[in-house]
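Notes for the structure review
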Amino acid sequence: MTITISAFAWVPDFAQGNVKDLRPRWALEEAGLPYEVHLLGPDDADGPAYRAWQPFGQVPAYRDDEVELFESGAILLRIAELSEVLRPADRAEAGRVEAWVFAALNSVEPKIDNLVLPPLFHLGEAWVEGQRPHAEALVDKRLKGLADWLNGRDWLTGRFSVADIMMATVLRAIKDHDLLAQHPNLAAYLARCLSRPAFARALEAQLETFRAHEPV
Ligand SMILES: N[C@@H](CCC(=O)N[C@@H](CS)C(=O)NCC(=O)O)C(=O)O
């Protein structure tokens, strides 16, 4: 089985280590599945060939011998299917993993994006400070729900899964934020996820690509 994911050859400093190809890289490292990387240069994401693979020109996209996919959630679920390590034990467990992958992407990530992206892309604009309290309140509501769920649990479902990879990559955007620190079990959960050797290998693989393609 040949597995290929797409990734940007280089991104500016603030994005390095945070580009979403980190998600399949981490899952593939956990699974012990080798993969190839289709690197995109500055103009490649807008070309027709890549748009036929990823309609929005984003990363990651994914293909193996059987399927071609985009969207990091769909990709992680596919990798789980292929992996002895990450495959859910039965349909009930698979359902819980799917639900938590969607929850990370659909119920948690948009709230966190609302909080962290405006100051990143619109620094100094008045509306950013104006919307911050509301954005923080919405994030806090989700963090509370998540912290309650994780109370007494190590992982979102019965054992470490792609749902934890997804949730950890989402929460990582507020790793150093007070809102996370206010929920010690959630901060501990994130630390538990990020201390996995497979995460370190995935992060290093992404960063190594950027070092190798640094513009001169
Ligand atoms: N919902 C997509 C989002 C992917 C995404 O936002 N990718 C970013 C990099 S982290 C990207 O390609 N940005 C460039 C763009 O949107 O044009 C997924 O989860 O795969």
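The next subject is the environment of Ser-161. Relative to the assigned elements, Ser-161 resides in the loop between α5 (126–150) and α6 (162–171). Linking Ser-161 and Glu-68, residues 93 residues apart in sequence, is a C-alpha distance of 22 Å. Here the side chain of Ser-161 touches Ala-163 through a polar contact of 3.0 Å, landing on its backbone nitrogen.

What surrounds the ligand is the set Phe-8, Val-19, Lys-20, Arg-23, Gln-58, Val-59, Pro-60, Glu-71 and Ser-72. Between the ligand and Val-59, the relevant distance is 2.9 Å, taken from a nitrogen atom to a main-chain nitrogen or oxygen of the residue. Between the ligand and Glu-71 there is a distance of 2.7 Å, counted from a nitrogen atom to a side-chain nitrogen or oxygen. In the complex, the protein chains occlude 68% of the 510 Å² of accessible area that the ligand would expose alone. For the shell around the ligand, the per-class residue count stands at 4 nonpolar, 2 polar and 3 charged.

What follows covers the domain arrangement of the chain. Domain annotation for the chain reports domain 1 (4–86 + 198–208) and domain 2 (91–196). Computed from C-alpha atoms alone, the centre-to-centre distance between domain 1 and domain 2 is 21 Å. On the domain 2 side, the residues contacting the 21 residues of domain 1 number 20 residues. When domain 1 packs against domain 2, close to 1,600 Å² is buried across both sides, 68% of that on carbon and sulfur atoms. On the domain 1 side of the contact with domain 2, Arg-23, Trp-26 and Leu-77 bury the most area, a combined 35% of that side's loss. The tally of links from domain 1 across to domain 2 stands at 2 salt bridges. With its nearest N and O atoms 2.7 Å apart, the salt bridge here joins Glu-109 to Arg-23. Among the elements of the structure, α1 (22–31), α3 (72–82) and α9 (197–212) are those that each provide at least two residues to the side of domain 1 that touches domain 2. Residues of the side of domain 1 that touches domain 2, tallied by class, amount to 13 nonpolar, 4 polar and 4 charged.

For the rest of this paragraph, the subject is unusual backbone geometry. Residue Pro-60 is bonded to the preceding Val-59 through a cis peptide linkage, with omega at 5 degrees. Structurally, the position occupied by Pro-60 is in the loop between α2 (48–53) and β3 (61–63). For Glu-71, which is not glycine, the phi torsion reads 80 degrees and is therefore positive. Along the chain, Glu-71 turns up in the loop between β4 (68–70) and α3. Taking relative accessible area as the criterion, Glu-71 reaches 39% and is therefore assigned partly exposed.

How each quantity is defined
Residues numbered from 1 in each chain as written. Predicted model: local features only at pLDDT ≥ 70, side-chain atom pairs only at ≥ 80, totals over all residues. Heavy atoms only, no water. Helix = DSSP H or I, 4+ residues; strand = E, 2+ residues; numbered from the N terminus. Polar contact = N/O pair within 3.5 Å; in protein donor to acceptor, adjacent residues only side chain to side chain. Near = heavy atom within 4 Å. Areas by Shrake-Rupley, 256 points an atom, 1.4 Å probe, with all protein chains shown as cover. Nonpolar A, V, L, I, M, F, W, Y, C, P; charged D, E, K, R; others polar. Domains from an automatic or database assignment. Contact = heavy atoms within 4.5 Å. Buried area = accessible area lost by both parts, 1.4 Å probe. Salt bridge = Lys/Arg side-chain N within 4 Å of Asp/Glu carboxyl O. Buried < 20%, exposed > 50% of the residue type's maximum accessible area, 1.4 Å probe, protein only.

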